[in-house]
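Commentary on secondary and tertiary structure
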Amino acid sequence: METLFYHLDPGQKDEYRRILMQAGEIIRQGGLVAFPTETVYGLGGSALNSRAAEKIYAAKGRPQDNPLIIHVSAVDEIESYCEMDDMSRTIAKLFMPGPITVIMKKKPIVPDSVTAGLPTVAVRCPQNRQARDFIAAAGVAIAAPSANTSGRPSPTSAAHVLEDLNGKIEMILDGGPCDIGLESTIVRVKDGNIELLRPGGVTPEQLCAVFGKEHFRMNDAILHKLADNEKPISPGMKYRHYSPKAPVVLVEAATDEQKNRYIKARIGEGNKIGVLCFDEDLSLFSGPYVRSLGRRDDFSAQSHMLFAMLREFDETDVNTIYAKTPPKEGIGLALYNRLIKAAGFDVVCVDETEGKA
Ligand code: TXA
Ligand code: MG
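Now for a quick tour of the structure.

**Quick word on the overall build of the chain**
Secondary structure assignment for the chain yields eleven helices and 17 strands. The C-alpha radius of gyration of the chain comes to 20 Å, within 12% of the 21 Å expected for a compact globule of 357 residues. The principal-axis extent of the C-alpha atoms belonging to the chain is close to 60 × 50 × 40 Å. Buried positions account for 57% of the 357 residues belonging to the chain. Within the chain, contacts between residues at least 6 apart in sequence are counted, and of these 68% link residues at least 24 apart. Accessible surface for the chain amounts to roughly 15,000 Å². Of this, 50% is attributable to carbon and sulfur atoms.

**Here we look at the site of ligand 1**
What surrounds ligand 1 is a group of 27 residues, the closest being Thr-39, Asn-66, His-71, Ser-184 and Ser-234. Thr-120 has a polar side-chain atom sitting 3.0 Å from a nitrogen atom of ligand 1. Note that an oxygen atom of ligand 1 is positioned 2.5 Å from one of the side-chain N or O atoms of Ser-184. Computed on the free molecule, ligand 1 has an accessible area of 680 Å², of which 97% lies beneath the protein chains in the complex. Those elements that place two or more of their residues in the shell around ligand 1 are β4 (69–71) and β7 (120–124). A class-by-class count of the residues in the shell around ligand 1 yields 14 nonpolar, nine polar and four charged.

**With respect to helix α6 (residues 158–165)**
Where α6 is concerned, the buried positions are Ala-158, His-160, Val-161, Asp-164 and Leu-165. End-on view of α6: buried residues confined to an arc of 155°, all on one side of the axis.

**Comments concerning the packing of aromatic side chains**
The tally for this structure, following the rule as stated, stands at two aromatic pairs. Both rings, one in Phe-35 and one in Phe-134, keep their centres 4.9 Å apart while their planes meet at 40°; by these two values the pair is tilted. Here Phe-134 lies in helix α5 (residues 129–138) and Phe-35 lies in strand β2 (residues 33–35), a separation of 99 residues in the sequence. A single burial state applies to Phe-35 and to Phe-134, both of which are buried.

**Considerations on the packing of helix α9 (residues 299–314) against helix α10 (residues 332–342)**
Where α9 contacts α10, the two axes come as close as 10 Å, and the packing angle between them is 20°. Overall, the two elements α9 and α10 adopt an arrangement that is roughly parallel. Here the hand of the crossing between α9 and α10 comes out left-handed. Listed contacts from α10 to Phe-299, Gln-302, Ser-303, Leu-306, Phe-307 and Leu-310 of α9 are Leu-335, Arg-338, Leu-339 and Ala-342. Of the residues assigned to the contact of α9 with α10, the class counts are seven nonpolar, two polar and one charged.

**What about the sheet that holds strand β15 (residues 290–292)?**
The sheet built from five strands is open, its strands ordered β15-β14-β16-β13-β17 with parallel pairing. Of all strands in the sheet, those bounded by a partner on one side alone are β15 and β17 (347–349). Strand-to-strand, the axes of this sheet are offset by a mean angle of 25°, without reference to chain direction. Sheet analysis places strand β13 (residues 248–252) next to strand β16 (residues 320–324), joined by four bridges and oriented parallel. By the bridge assignment for β16, Val-249 is matched with Tyr-322. Against the sheet, α9 engages β14 (273–277), β15 and β16, with an angle of about 170° to β14.

Thresholds, definitions, all that
- Residues numbered from 1 in each chain as written.
- Chains lettered and ligands numbered in written order.
- Predicted model: local features only at pLDDT ≥ 70, side-chain atom pairs only at ≥ 80, totals over all residues.
- Heavy atoms only, no water.
- Helix = DSSP H or I, 4+ residues; strand = E, 2+ residues; numbered from the N terminus.
- Rg over C-alpha atoms; globule rule 2.2 N^0.38 Å.
- Buried < 20%, exposed > 50% of the residue type's maximum accessible area, 1.4 Å probe, protein only.
- Contact = heavy atoms within 4.5 Å.
- Areas by Shrake-Rupley, 256 points an atom, 1.4 Å probe, with all protein chains shown as cover.
- Near = heavy atom within 4 Å.
- Polar contact = N/O pair within 3.5 Å; in protein donor to acceptor, adjacent residues only side chain to side chain.
- Nonpolar A, V, L, I, M, F, W, Y, C, P; charged D, E, K, R; others polar.
- Arc of directions from axis to C-beta.
- Phe/Tyr/Trp six-rings, centres within 6.5 Å; stacked < 30°, edge-to-face > 60°.
- Axes fitted to C-alpha atoms, helices over the stretch in contact; angles between N-to-C directions.
- Parallel < 35°, antiparallel > 145°, perpendicular 65-115°, else oblique.
- Left-handed = near helix turned anticlockwise from the far one by under 90°.
- Pairing = 2+ DSSP bridges.

Given below as structure tokens:
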């Protein structure tokens, strides 16, 4: 099929309204529209239409047991789709619209194909204006995973979506680059605690400030590989994600200097070694495959760039990509989680001797 591609500029009022009306109509007819959000681009279909959900799985090549997030245009629409407990309501009140998704008990109106048969549903109200105007124009909640081919890094620009889905969906709405660049934080309430299932723009520190550290849990799968026989809470946790074509290796060490020495030695061993580093490191490493994510202490900039950089490496013939571990705090935890998944949990811990090699 031919995929329509439109720039969505709220400044061009008539054009903006016309495009959104057309996009809304596609959704009501059961078609698919990719749209911008503040986290990553989503691949949307009507959340109440099981055929649309099936088309989403097919377009992405996504396993059918991996449920979709449903997106609403306003916080007060959430309760039409799920049963809300008090803690979930507090999260919605304080952090939505925004980069957070809450898992709650689903109402029967949500089809099983959207939740992959689970009794729960993931709900999010994005902050991005174009996203909310699009959902409102559709007049129904939008079920949407990230708009990438399954297994590739999530798209943070409309060009990324075009790369993966051109010819497979009805329309792509281009709202420019995503502000955050990593997918939403996912949480659920369990036994009176908030459990973090995926770190993102809303940080553990922000959640602890509201509910107290004693009511905050972090799911093991965020930093550790699941055992083969372990059943994940979030089906998405078990799939290798965010993976560029070349293997990624995360480099952990006591100091930044040790990490740099280790990577430098790898570049010396042969060519085609990719490096994901920071602006401050660019003078240390040389070669065609060295990329900076931004300034060392600017985690927002790094989050913003990560997926685009991983995609860029796919255009090269790089053999192995080395990346330095970010601190596991604030949005750094989300970065760490995406990197360790891209690396398939391949982390080298450099000791004093090896660092000097
Ligand atoms: O920022 C985001 O969340 C983006 C934008 C488009 O909103 N969406 C996104 O969707 O990242 P996706 O499908 O790529 O990731 C959703 C994750 C998956 O790992 C899935 O397993 C999990 O959410 N999930 C969805 N419904 C769930 C449920 N009922 N219980 C547990 N996990 C669920
Ligand atoms: Mg995804």
